[in-house]
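# Observations on the model geometry
Here is what each chain is made of, one letter per residue.
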Amino acid sequence: SNLWYLFLHSVDKAWKELSNILSGIFCASLNFIDSTNTVTPTASFKPLGLANGTDHHLLRYAVLPREVVCTENLTPWKKLLPCGSKAGLAVLLKAERLFHSSYHSQAVHIRPVCRDASCLAVSWELRQTLTVVFDTFSSGQGKKDWSLFKMFSRTLTDACPLASQSKVYVDISPKNKEKELLEVTPPPVSVHEAIVQGDKRTYAVYDLLSPSLFNTSRSLNVQLKWKRPQDSSELPTPVLHAQRYVSGYGLQTGEISTLIYNTHPYRAFPVILLETVPWYLRFYVHTLTIITKGKENKPSYIHYQPAQDRRRPHLLEMLIQLPANSVTKITIQFERALLKWTEYTPDPNHGFYVSSSVLSALVPSVIAMKDTDVEQSPLFTSLFPSSDGSSYFVRLYTEPLLVNLPTPDFSMPYNVICLTCTVVAVCYGSFYNLLTRTFHVEEPSRGGLAKRLANIIRKFRGVPPL
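Cut-off values and rules
Residues numbered from 1 in each chain as written. Predicted model: local features only at pLDDT ≥ 70, side-chain atom pairs only at ≥ 80, totals over all residues. Heavy atoms only, no water. Helix = DSSP H or I, 4+ residues; strand = E, 2+ residues; numbered from the N terminus. Contact = heavy atoms within 4.5 Å. Areas by Shrake-Rupley, 256 points an atom, 1.4 Å probe, with all protein chains shown as cover. Core = buried A, V, L, I, M, F, W, Y, C linked by side-chain atoms within 4.5 Å. Buried < 20%, exposed > 50% of the residue type's maximum accessible area, 1.4 Å probe, protein only. Phe/Tyr/Trp six-rings, centres within 6.5 Å; stacked < 30°, edge-to-face > 60°. Lys NZ or Arg CZ within 6 Å of the ring centre and 35° of its normal. Disulfide = S-S within 2.5 Å. pLDDT = per-residue confidence, 0-100. Pairing = 2+ DSSP bridges. Axes fitted to C-alpha atoms, helices over the stretch in contact; angles between N-to-C directions. Salt bridge = Lys/Arg side-chain N within 4 Å of Asp/Glu carboxyl O.

### A short note on the overall build of the protein chain
Within the protein chain, the secondary structure is distributed over 9 helices and 22 strands. Partitioning the intrachain contacts of the protein chain with sequence separation of at least 6 by distance along the chain shows that 73% fall at a separation of at least 24. Accessible surface computed for the protein chain: about 29900 Å², of which carbon and sulfur atoms make up 57%.

### Here we look at the nonpolar core
If you look at the biggest cluster of nonpolar residues, it comprises 29 residues, and the most contacted ones within it are Val170, Tyr206, Leu220 and Val222. Counting only elements with at least two residues in this core, the list comes to α2 (71-79), α3 (95-98), α5 (148-152), β6 (167-171), β7 (182-185), β9 (199-207) and β10 (223-226). The greatest single-element share of this core, amounting to 3 residues, is contributed by α5. If we skip the residues at most four places from it in the chain, Tyr206 touches Ser166, Lys167, Val168, Val170, Val184, Thr185, Pro186, Pro187, Pro188, Leu213, Leu220 and Val222. Grouped together as the second largest cluster of nonpolar side chains are 17 residues, Val271, Leu273, Met318 and Leu359 included.

### Regarding the side chain of Ser147
With respect to the element layout, Ser147 can be found in strand β5 (residues 146-147). Here Ser147 falls in the buried class, since its relative accessible area comes to 4%. Excluding residues that lie within four positions of it along the chain, Ser147 makes contacts with Asn221, Val222 and Gln223.

### Considerations on the packing of aromatic side chains
Applying the stated rule across the entire model yields 8 aromatic pairs. Judged by centre distance (5.7 Å) and plane angle (75°), the rings of Trp279 and Tyr280 are edge-to-face. Like Trp279, the residue Tyr280 is buried in the burial classification. An aromatic cluster is present here, built from Trp279, Tyr280, Tyr344, Phe352 and Phe410 joined pairwise through their rings. Of note, Lys144 hangs over the ring of Trp226, and the distance from its end group to the ring centre comes to 5.6 Å.

### Considerations on the state of the cysteines
In protein structure, a disulfide is the covalent linkage between the sulfur atoms of two cysteines. Applying the stated rule across the entire model yields 2 disulfides. Between the sulfur atoms of Cys83 and its disulfide partner Cys160 the distance amounts to 1.8 Å. In this structure, the disulfide formed by Cys83 and Cys160 twists by about 75° around the S-S bond and is classed as right-handed. Taken together, the residues span a long stretch of sequence, with Cys83 in the loop between α2 and α3 and Cys160 in the loop between α5 and β6 at a distance of 77 residues. Pair check on accessibility: Cys83 and Cys160 agree, each one buried. Residue Cys114 pairs covalently with Cys119 via a disulfide, S to S 2.0 Å. The S-S bond linking Cys114 to Cys119 shows a torsion near -70°; that makes this disulfide left-handed. Disulfides within the protein chain link the bonded cysteines, taken in sequence order, as 1-4, 2-3. Not engaged in a disulfide, the cysteine Cys70 finds its nearest cysteine sulfur in Cys27; these two sulfurs lie 8.6 Å apart.

### Things to note about the confidence of the model for the protein chain
Overall, the prediction assigns the protein chain a mean pLDDT of 85, with 88% of residues at 70 or greater. Averaged pLDDT values for the elements of the protein chain fall to 46 in helix α6 (residues 371-376) and rise to 96 in strand β18 (residues 326-336). Note that pLDDT drops below 50 for residues 371-376; the model gives that stretch 3 contacts with residues more than four away or on any other chain.

### Re the environment of Ala95
Its place among the elements puts Ala95 in helix α3. Looking at Ala95, the relative accessible area reads 17%, which means it is buried. For the pair Ala95 and Cys70, spaced 25 residues apart in sequence, the C-alpha to C-alpha distance is 8.7 Å. If near-sequence neighbours (up to four positions away) are discounted, Ala95 is found in contact with Thr71 and Leu74.

### Thoughts on the sheet that holds strand β17 (residues 314-322)
Each strand in a sheet pairs with another by means of backbone hydrogen bonds, the pair being arranged parallel or else antiparallel. Taking strand neighbours across the sheet as the criterion, the 5 strands line up as β16-β17-β13-β20-β21 in an open arrangement whose pairing is antiparallel. Strand pairing shows two members of the sheet lacking a second neighbour, β16 (301-305) and β21 (391-397), which therefore form its edges. Between one strand axis and the next, the sheet turns by 15° as a mean value, whatever way the strands run. As paired strands, β16 and β17 are joined by 5 bridges and run antiparallel to one another. Its bridge partner lying in β17, Ile302 is registered against Met318.

### What to know about the pairing of strand β20 (residues 358-364)
Of all 7 residues making up β20, 6 are buried, and the element is well covered by its neighbours. The pairing of strand β13 (residues 269-277) with β20 spans 4 bridges and is classified as antiparallel. Paired with Val271 across the bridge in β20 is Ala361.

### Observations regarding the pattern of salt bridges
Tallying each qualifying case throughout the model produces 7 salt bridges. Put simply, Arg60 and Asp12 hold a salt bridge, and the shortest N to O gap is 2.9 Å. Residue Arg60 is located in the loop between β1 (38-39) and β2 (61-62), and its partner Asp12 is located in helix α1 (residues 2-26); the two are separated by 48 residues in the primary sequence. For Arg201, the salt bridge goes to Asp171, with nearest N and O atoms at 3.2 Å. Of the two residues, Arg201 sits in strand β9 while Asp171 sits in strand β6, which places them 30 residues apart along the sequence. Classification of Asp171 as partly exposed rests on a relative accessible area of 33%.

### Describing the sheet that holds β5
The strand order across the open sheet built from 3 strands is β5-β10-β7, with neighbouring strands paired in antiparallel fashion. At either margin of the open sheet sits one strand with a lone partner, and together these are β5 and β7. Where β7 lies against β10, 4 bridges are found, and the strand directions are antiparallel. In the strand pairing of β10, Glu183 is matched with Lys225.

Next up, the structure:
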């Protein structure tokens with residue numbers, strides 16, 4: 001038992017050092033990660049690369065739902081790129097444009113990989129991803145037309161000299177025979193077809209390493225235009241999606257509800273749900289209910305680790321079967337705890353954030369994939385990994401929750417502190433002056449010879465004496 005304790009202690013120590021190092025590298029708030037928001041999942045995550053994928057005790061998972069990505073995080077993130085933001089695709093990473101978008105997210109993935117086919121040497125792979133969503137329909141006066149210059153205020157001039165691959169993919173997939181209405185300029189040299197998340201996609205490919213791409217002009221400004229105005233059509237509903245909300249009234253009890261949708265018309269599949277809730281929301285595990293189509297849906301696997309006050313959060317993992325074309329509702333009740341007045345945030349009336357739920361599933365695909373297609377599409381298989389030709393892996397994060405806790409009137413301590421400080425300052429100042437100040441009586445001097453002569457002259461002139 002002592003060896004096991006030392007093993008877990010060493011993992012927690014390495015996790016704390018890692019979070020502090022990454023916090024310093026990326027100028028982020030990752031140093032706020034501690035034992036109160038860190039859990040050890042058993043089924044939702046596994047080590048990537050060459051690490052042992054069976055021992056889950058080496059895993060740590062933490063979320064800071066209150067922190068957001070800002071310009072201070074983007075600048076050191078760009079410095080890790082081989083060419084920084086001086087050449088290649090990174091030229092488009094202009095902070096003024098990225099952070100005015102509807103959604104932005106940046107990530108860093110590090111894993112050990114084999115350096116050669118025989119795996120005699122191991123290297124570390126660093127992958128940086130940046131996801132940005134622009135709402136061109138609302139910003140473009142009802143038009144879906146877009147270009148690199150409109151979105152990023154910059155164009156591509158050249159590729160990074162250190163890059164072995166630098167490409168731009170534009171989705172030109174036909175939808176309801178709309179392919180004839182699309183016009184992409186400049187015309188792409190090649191077109192690539194891939195199966196992305198169970199759907200067949202067509203992409204126009206622009207290879208920045210191709211010498212012919214910059215022959216006509218020194219910059220590349222990819223533009224997509226519609227030959228006639230388009231309405232704001234609704235996006236297709238994904239096969240798996242979820243939402244979560246908190247309900248209840250008052251500041252004592254409440255309920256967290258999670259809705260998981262399976263819109264596939266005839267295929268059922270399981271999903272792993274991971275819930276991490278702070279310790280100050282005390283779970284009533286006996287109130288956990290899972291309802292699908294009006295009937296109780298019992299999970300085939302469940303793992304629950306209760307929270308410890310001010311030490312660790314709640315951890316709940318479940319494997320739930322989702323029937324075809326169904327909605328599964330998961331509810332659990334909780335009770336709010338009363339914090340110490342020093343544990344409240346600077347804006348306690350804003351509320352306290354609860355981290356997102358994590359859904360992991362193998363979603364069945366409508367279009368079958370071939371092994372040759374997987375080998376020919378390394379980019380899309382790394383971004384959207386697939387297990388086989390009949391399904392693809394999806395990991396979803398629900399929206400975070402904002403929960404109000406019983407909050408004391410912090411104006412009263414403020415008034416007491418101000419009054420106490422004023423009384424102490426007045427009393428201390430008065431006593432200090434009385435104890436340290438000395439009084440001296442000064443005799444009035446009659447003045448010297450010069451003053452007497454001046455008074456005589458002033459008397460003859462009729463002027464009052466000095």
